[in-house]
Amino acid sequence: MTQDAPASLLRGAVRAGVDACVYLPDSCLTAVIRAFQKSPGMTMVPCAREDEGVAIAVGLALGGRNPVCMMEASGLGYSGLILARAQVQRTPVVIVASHSGGAGEPFDYHGATVLLAEGVFKGLGIPYAVASEGQSLESLIHRVVQTARGQLTSFGLLIPPFVAGARQ
Amino acid sequence: MNRLEAMDAVAASRGDAVVITGPGANAGLLYDRADLPETIYNMDMGYASAVALGVALACPKRRVLAIEGEGSFFAGSTVLSTAWRMKPDNLVVLVLDNGVWGTGDGKEPTATSFGLDLLRLALAAGWDAAQVHGPADAAALGARVALALKGGGPHFIVGKTDPSQDLPSSSPNRPRPKRHVLDCAVLMRAALSRDG
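Caption draft 1: Expanded view of the pattern of salt bridges. Under the definition given, this model contains 11 salt bridges over all chains. The salt bridge involving Arg-33 of chain B is made with Asp-8 of chain B; its shortest N-O contact spans 2.4 Å. Note that Arg-33 of chain B is positioned in helix α2 (residues 25–34) and Asp-8 of chain B in helix α1 (residues 3–13), a separation of 25 residues in sequence. Across the pair Asp-97 of chain B and Lys-160 of chain B runs a salt bridge whose closest N-O atoms are separated by 2.8 Å. Of this pair, Asp-97 of chain B sits in strand β4 (residues 91–97) while Lys-160 of chain B sits in strand β6 (residues 155–160); the two residues are 63 residues apart in sequence, bridging distant segments of the chain. Take Lys-160 of chain B: its relative accessible area is 49%, and that puts it in the partly exposed class. Salt bridges here are not isolated pairs; linked through shared partners, they connect Arg-11, Arg-15 and Glu-138 of chain A.

What follows is the structure, encoded as structure tokens:
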């Protein structure tokens with residue numbers, strides 16, 4: 001890891017106007033979630049299921065807030081229907097999810113998560129980006145939020161464990 | 001009470017509340033009786049109350065009402081714990097429980113026909129008993145919704161209805177919202193943006 005991922009993601013999100021974070025705890029994103037929790041003015045909503053969290057984010061967006069959802073990518077598997085609804089009604093939800101279909105996934109128990117992480121976004125035609133080492137996370141999340149709001153589309157940001165700074 | 005009586009009472013009590021309905025007959029009945037721009041109809045199964053929770057958190061000056069059937073609500077009932085955890089005082093969740101799925105021939109029993117008690121489920125999720133209501137008839141339901149929409153929430157209301165006179169989902173006589181879900185979202189966003 002060449003940058004402080006939690007601080008970078010928070011800076012970029014705040015710069016893009018993100019003011020709410022719906023989340024389910026995840027080992028890779030723990031430090032990111034803790035950084036958001038410490039951000040003044042950030043509404044934090046811990047949810048019980050990832051799809052419930054996406055639905056709450058849809059409501060926040062309808063109400064004029066600018067939320068992100070944080071989860072392990074496994075939760076995308078639950079969230080297909082509500083993400084599809086968000087697309088149909090053009091209510092943008094930014095998803096920040098750990099894991100991807102790419103390199104740096106050593107554990108077999110993440111196999112299903114890795115399989116579906118990009119598949120859900122591809123299947124629904126939702127744009128997404130996979131963060132990589134050496135890339136500015138601050139700039140990346142800023143641009144992701146820009147596009148989501150500007151184009152009224154949900155947008156996924158997948159963060160492999162080694163980019164999130166997770167030990168493995 | 002039957003569904004029509006219940007929805008007549010709810011419509012009369014709505015005021016200017018933001019409403020998110022679940023899928024099915026309640027959506028069309030509300031559209032017929034008390035349509036406002038601040039309405040999302042036919043939110044997909046399991047998500048009406050969660051979307052309403054999000055709107056309530058975003059718009060604390062607005063009253064927000066979720067209306068779901070028991071089949072949809074139970075599918076997304078984890079939101080009970082999240083709503084109680086966040087405790088928005090402007091949120092009212094109303095479940096109309098007729099004990100059957102409102103799809104197909106309308107004769108497939110739901111979990112409440114086999115003992116599931118949604119009021120007790122809310123209590124088990126931590127809700128204070130004072131916030132959990134089970135009005136017995138349409139008049140009591142309307143009064144409870146009106147009172148709950150004055151604040152002091154979150155409130156969780158379950159109204160039991162008799163399904164014997166419900167129209168099947170395939171009936172051409174069943175009212176349906178005449179507004180696309182995209183237009184609903186655009187109208188709601190515009191209406192809420194005027195709140196500042």
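Caption draft 2: Representation of the interface of chain B and chain A. With 28 residues of chain B in contact, the opposing surface of chain A contributes 26 residues. When the two sides are added together, the surface that chain B and chain A hide from each other amounts to roughly 2,100 Å², 68% of it contributed by carbon and sulfur. Between chain B and chain A we count 1 salt bridge in total. Between Asp-44 of chain B and Arg-85 of chain A there is a salt bridge, and its shortest N-O distance comes to 3.2 Å. At the boundary of chain B and chain A, one finds 7 residue pairs in polar contact (both at pLDDT 80 or more). Listing elements by their share of the side of chain B that touches chain A, those giving two or more residues are α3 (48–58), α5 (79–86) and α8 (181–193) of chain B.

Caption draft 3: Up close: the packing of α3 of chain B against α5 of chain B. All names here are of chain B. For the pair α3 and α5, the least separation of the axes is 10 Å and the interaxial angle reads 15 degrees. Considered as vectors, α3 and α5 are oriented roughly parallel to each other. Once α3 is placed against α5, the crossing between them reads as left-handed. Along the contact surface, α3 presents Ser-49, Ala-50, Leu-53 and Leu-57, while α5 presents Val-79, Thr-82, Ala-83 and Met-86. For the contact of α3 with α5, the per-class residue count stands at 6 nonpolar, 2 polar and no charged.

Caption draft 4: Main features of the sheet that holds strand β6 (residues 155–159) of chain A. Residues and elements named next belong to chain A. Strands sit in the order β2-β1-β3-β4-β6-β5 across an open sheet of 6 strands; the sheet is parallel. Unpaired on one side and paired on the other, β2 (43–46) and β5 (128–130) mark the two borders of the sheet. In this sheet, adjacent strand axes meet at a mean angle of 20 degrees when their direction is disregarded. Across 4 bridges, the pairing between strand β1 (residues 20–23) and β2 is parallel. The residue bridging Tyr-23 from the neighbouring strand is Pro-46, located in β2. Contacts from helix α3 (residues 50–62) reach β1, β2, β3 (67–72) and β4 (94–98), with the element oriented near 175 degrees to β3.

Caption draft 5: Examining the sheet that holds β6 of chain B more closely. Residues and elements named next belong to chain B. Reading across the sheet, the 6 strands line up as β2-β1-β3-β4-β6-β5 and stay open at both edges, with parallel pairing between neighbours. Two strands lie at the open edges of the sheet, namely β2 (39–40) and β5 (132–133), each paired on one side alone. Where strand β1 (residues 18–21) lies against strand β3 (residues 64–69), 4 bridges are found, and the strand directions are parallel. Note on β3: the bridge partner recorded for Val-19 is Leu-65. Relative to β3, α2 is tilted by about 135 degrees, and along the sheet it contacts β1, β2, β3 and β4.

The rules behind the values
Residues numbered from 1 in each chain as written. Chains lettered and ligands numbered in written order. Predicted model: local features only at pLDDT ≥ 70, side-chain atom pairs only at ≥ 80, totals over all residues. Heavy atoms only, no water. Salt bridge = Lys/Arg side-chain N within 4 Å of Asp/Glu carboxyl O. Helix = DSSP H or I, 4+ residues; strand = E, 2+ residues; numbered from the N terminus. Buried < 20%, exposed > 50% of the residue type's maximum accessible area, 1.4 Å probe, protein only. Contact = heavy atoms within 4.5 Å. Buried area = accessible area lost by both parts, 1.4 Å probe. Polar contact = N/O pair within 3.5 Å; in protein donor to acceptor, adjacent residues only side chain to side chain. Axes fitted to C-alpha atoms, helices over the stretch in contact; angles between N-to-C directions. Parallel < 35°, antiparallel > 145°, perpendicular 65-115°, else oblique. Left-handed = near helix turned anticlockwise from the far one by under 90°. Nonpolar A, V, L, I, M, F, W, Y, C, P; charged D, E, K, R; others polar. Pairing = 2+ DSSP bridges.

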